[in-house]
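# Results of the structural survey
Here is how the chains run, residue by residue.
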Amino acid sequence: MSKERDEMIAELESKLSDIQRQNELLEKQLKQVERERVEYLQNVSHQLVAPLNAIKWHIENLRASRMDVERATKVLRSIYSQSTIAVHLAKNFALMSNLEADHALAAMTEPLQSMSLCSLLINLSDDFQPLGWDKGLQIGVDTKGFEDAPQVLAIKPLISQVFSNIIENAVKYSDRDTEIRIYGKHEREIDSVSVSIRNRGIPLPDSVDEVFQRGYRSAQAKNQYPAGTGFGLYIAERIVAIHEGEISAERDAMNATVFTVTLTVSGLKGKARIRGPKDRFAN
Ligand SMILES: Nc1ncnc2c1ncn2[C@@H]1O[C@H](COP(=O)(O)OP(=O)(O)OP(=O)(O)O)[C@@H](O)[C@H]1O
Ligand SMILES: [Mg+2]
């Protein structure tokens, strides 16, 4: 009887220490998540303050000094560039909070709209061109392949942020005085429209898919732009996934970087909204 009791106690003790170990592990993980969250918040607010301060400074300059039209035009261009960055960062922040909150995009409940990818890319390239000029970059949209492509069904603000993240990277990571080329095509056989963004600059990592991992930043990227979260392409991938599309990165034969996003033309027809199954996004 006492042997049985001793065995039971030993078993209970071993279970208890298992639970304690698991508990310690969970506490550690929780602390890590909290640390990451704080770091992320600090990083984003730090990044947001920079363009906002620059805008304030430019406006003060405009008010205080008499400048010629050419100089004033340049200052206005800088204000525009910095606002583009601030808006871009704030949108990523909202999307990231969304993803962190429930592992899914609450914005998925937004309605799908027919949209022309060609028009979207023309507008985005206009938005980012002033930032490009600061580095002598030219952003060119080659409309030939996709101006007549059918419209795709998508959640417009989300798809816009996908391309915005890719173009912003291209601007950040390009060598000075190079060209960013955007082109697209209607792929009839697979009933899709694909858009590619090509730039020349710091290299992609050897295992290119790493760039889509949450928080990944290459050493060169960190070196060139210490501020950055490594969440831009992770967000892009999640958004493309809920649209049942594809996103890929590659180094082409000329060693340039090419990001391609492919979206279905009729795959989402009949769906007013898209709601990916939650477990698809669970980590
Ligand atoms: N056009 C590109 N050329 C070379 N490397 C790239 C390019 N775009 C992305 N990368 C690599 O992929 C990493 C992840 O990109 P992502 O947009 O997710 O984060 P980030 O740009 O570092 O930070 P954030 O977008 O938060 O400012 C980058 O740090 C960089 O190493
Ligand atoms: Mg980025």
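By size, the foremost hydrophobic cluster in this structure holds 48 residues, and its most contacted members are Leu117, Leu121, Val162, Ile166, Ile167, Ala236 and Ile239. Sorting elements by how many residues they give to this core places helix α4 (residues 156-173) first, with 8 residues. A domain split of this core shows at least three residues from each of domain 1 (2-100) and domain 2 (106-264). Contacts of Leu121, omitting those with residues within four sequence positions, involve Val141, Phe163, Ile182 and Val195.

A few words on the site of ligand 1. Inspection of the region around ligand 1 gives 21 residues, with Asn169, Ser218, Ala221, Gly228 and Gly232 positioned closest. For the shell around ligand 1, the secondary structure elements donating two or more residues are α4 and α6 (232-242). Examining the composition of the shell around ligand 1, we find that 4 residues originate from one element, α4, more than from any other. Classifying every residue of the shell around ligand 1 gives 10 nonpolar, 10 polar and 1 charged.

Here α4 crosses α6 at 145°, and the two axes come no closer than 9 Å. At the point where α4 passes α6, the crossing takes the left-handed sense. Of α6, the residues touching α4 (which contributes Leu158, Ile159, Gln161, Val162, Asn165, Ile166 and Asn169) are Gly232, Leu233, Ile235, Ala236, Ile239 and Val240. Along the lines of polarity and charge, the residues of the contact of α4 with α6 split into 9 nonpolar, 4 polar and no charged.

Rules behind the numbers
- Residues numbered from 1 in each chain as written.
- Chains lettered and ligands numbered in written order.
- Predicted model: local features only at pLDDT ≥ 70, side-chain atom pairs only at ≥ 80, totals over all residues.
- Core = buried A, V, L, I, M, F, W, Y, C linked by C-beta atoms within 7 Å.
- Buried ≥ 20, exposed ≤ 12 C-beta atoms within 10 Å, placed from the backbone.
- Helix = DSSP H or I, 4+ residues; strand = E, 2+ residues; numbered from the N terminus.
- Domains from an automatic or database assignment.
- Contact = placed C-beta atoms within 7 Å.
- Near = placed C-beta within 6 Å.
- Nonpolar A, V, L, I, M, F, W, Y, C, P; charged D, E, K, R; others polar.
- Axes fitted to C-alpha atoms, helices over the stretch in contact; angles between N-to-C directions.
- Left-handed = near helix turned anticlockwise from the far one by under 90°.

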